[in-house]
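Overview (structure and organization)
Residue strings, one per chain:
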Amino acid sequence: MSNSDVNISRRSFVEKSATAAAALTIAPGVFLHTVAEAKPADQAVTSAVRWGMLIDTAKCASGCTACVSACNTENGIASHDRPRTDQQWIRKVTLRDKQTKHEVSLPMMCQHCETPPCVDVCPTGASFKREDGIVLVDRHICIGCRYCMMACPYKARSFAHETVDLTVDYQPRGKGTVESCTMCVHRVDEGGTPACVEACSEAEHGAMIFGDIKNPDSEISKQLVEHGGKQIRADLGLNTGVRYRGI
Amino acid sequence: MQQLNKRMHNTLITIAGLAMLALSAFAFAGEKPSFAPSVPHPTNGTTECVQPEDEMKKNHMKYILHQRDETMHDGIRTKTYSLKECINCHVPKDSEARFGDDKHFCSSCHNFAGVSIDCFQCHMDRPMGSKPLGKNPHGAQVTPTVSTHGANNE
């Protein structure tokens, strides 16, 4: 833990110095904002962006599973008709207030924490966070111990119990490793939007917004400033990249 | 007696040396020995790989491994040394050959050399869009279905 604290403070120090340097060199009142979209393929991701999502539960329709099916199709996740062990990267959850009987429907997936417990517990370093905030499993070094699955407070990760019949080449998946939402990293790296967000807007609900939460001009940042965005289990202090409205 | 042994030893060394010379001459002649595997050629009409053939034969794994870590951790998605592009170029889309068959580009050599790799336990061993061949013996549905498991949590 102390190690990651050191890293965070070092990173924020570097960012602050960089911002200060930028503010010095550019005329007062004029700030450069890095346009994060469509990064060149040969450039590494940087911490100048942090990808996040904002989900408006008021717009999320109960019974609609467009995001779930889009995720399954996009990443080639097939059901074996064994719900207890089938892989699942995103699921719909219904919350009901026992007193008022008020129901809220929302999609639940990897929350892409700033300080992810799955990364803390991983014994091999397979579970990691990219510079741009996306939390991934490097399945080349995952040994399938499933500590991360136990550490995740959001039950966001699944284990591949069976041989996978791959249908897509951009999302290699295999038996014996842990997997979870990648925020459609293969799309994001090419300037795209995650499949679930796209499906939600195609279904005309528009309950999900994806974007760079470090860029104050992005749609998601504006919405977050205006309406706020709650973290699920905010008490854990994980600073999640996925935020919710209306819960 | 000792001298005789020494002479025999020298003779053996000379014979071995000559044999090696003959073998290397055979190799340098550019002729493929009959026992060498037949490696399928690229399917998209190109005749040149991203590096000269000799270099690729020797070091393809280094290029792929390097690219693997860059893509995974830094999101660098250049195509030159990506495993996906190896497959797109070297495996015909309509091929029924899977990794492990002698006809598959990678295994044609790997079977011969007796080097096992685990790339294709996760990666596709044929280009995307090829017919899924049903690796899972338990009859999984290949068409993804909606799972609502975990819904209705109170």
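**A few points about the overall build of chain A**
Helix and strand counts for chain A come out as seven helices and nine strands. Scored against the burial criterion, the 247 residues of chain A give a buried share of 40%. A fraction of 61% describes how many contacts in chain A between residues 6 or more apart in sequence connect residues 24 or more apart.

**Concerning the environment of Gly 144 of chain A**
Residues and elements named next belong to chain A. Here Gly 144 shows up in the loop between strand S5 (135-137) and helix H4 (147-151). On the basis of neighbour count, Gly 144 is assigned to the partly exposed category, with 14 C-beta atoms found within 10 Å. Residues within four places of Gly 144 in sequence aside, it is in contact with Phe 159, Gly 176, Thr 177 and Val 178.

**Observations regarding the confidence of the model for chain A**
Residue and element names in this part refer to chain A. Here chain A averages 88 in pLDDT, and 85% of its residues register 70 or above. In the model of chain A, helix H1 (residues 2-25) stands out as the element of lowest mean pLDDT, 52, in contrast to S5, which has the highest, 98. Ignoring residues within four places in sequence, the model shows residues 1-5, a span with pLDDT below 50, making one contact including any to other chains. The model gives residues 22-36 a pLDDT under 50, and that stretch makes ten contacts with residues more than four places away or in other chains.

**Side note on the sheet that holds strand S9 (residues 242-245) of chain A**
Residues and elements named next belong to chain A. Read across the open sheet, the three strands follow the order S8-S1-S9; overall the sheet is mixed. Of all strands in the sheet, those bounded by a partner on one side alone are strand S8 (208-212) and S9. Sheet twist, expressed as the average angle between the axes of neighbouring strands with direction ignored, equals 20°. Bridge count for strand S1 (residues 51-56) against S8 is five bridges, and the pairing is antiparallel. By the bridge assignment, Leu 54 is partnered in S8 with Ile 209. The strands that helix H7 (residues 219-227) touches are S1, S8 and S9; relative to S8, the one it contacts most, it runs at about 110°.

**Topic: helix H6 (residues 195-202) of chain A**
Residues and elements named next belong to chain A. The complete set of buried residues in H6 reads Ala 195, Cys 196, Val 197, Ala 199 and Cys 200. In this fold, the buried residues of H6 make contact with S1, helix H2 (66-75), strand S2 (90-96), strand S3 (103-109) and S8. Phi for Glu 204, located one or two positions after H6, is positive at around 65°.

**Here we look at the confidence of the model for chain B**
Detailed conclusions should not be drawn from predicted coordinates in areas where pLDDT is low. Residues and elements named next belong to chain B. The predicted model of chain B has a mean per-residue pLDDT of 76, with 63% of residues at 70 or higher. Between the elements of chain B, mean pLDDT differs from a low of 58, seen in helix H1 (residues 2-28), to a high of 94, seen in helix H2 (residues 53-74). In this model residues 25-29 is a low-confidence stretch, pLDDT under 50, and it forms two contacts with partners more than four residues away in sequence or in other chains. In the predicted structure, residues 139-154 sits below a pLDDT of 50 and forms 42 contacts with residues beyond four places in sequence or in another chain.

About the criteria used
- Counting restarts for each chain, with residues numbered from 1 along the sequence as it is written.
- Chain A is the first chain written and ligand 1 is the first ligand written, with later ones labelled in order.
- Given that this is a predicted model, residues contribute local features only at a pLDDT of at least 70 and side-chain atom pairs are listed and counted only at 80 or more, while totals for whole chains, interfaces and linings are drawn from all residues.
- For the purposes of this entry, the term helix denotes a DSSP run of H or I that reaches at least four residues, the term strand denotes a run of E that reaches at least two, and both are numbered from the N terminus.
- Burial is judged by counting the other C-beta atoms within 10 Å of a residue's own C-beta: 20 or more makes it buried, 12 or fewer makes it exposed, and any count in between marks it as partly exposed, with every C-beta position built from the backbone.
- Distance between backbone-placed C-beta atoms decides contact: two residues are in contact if it is within 7 Å.
- The quantity known as pLDDT measures the predictor's confidence residue by residue, on a range of 0 to 100.
- Any two strands are treated as partners once DSSP identifies two or more bridges connecting them.
- A fitted line through C-alpha atoms represents every axis, and for helices the fit uses only the stretch in contact; the resulting angles, taken between N-to-C directions, go from 0 to 180 degrees.

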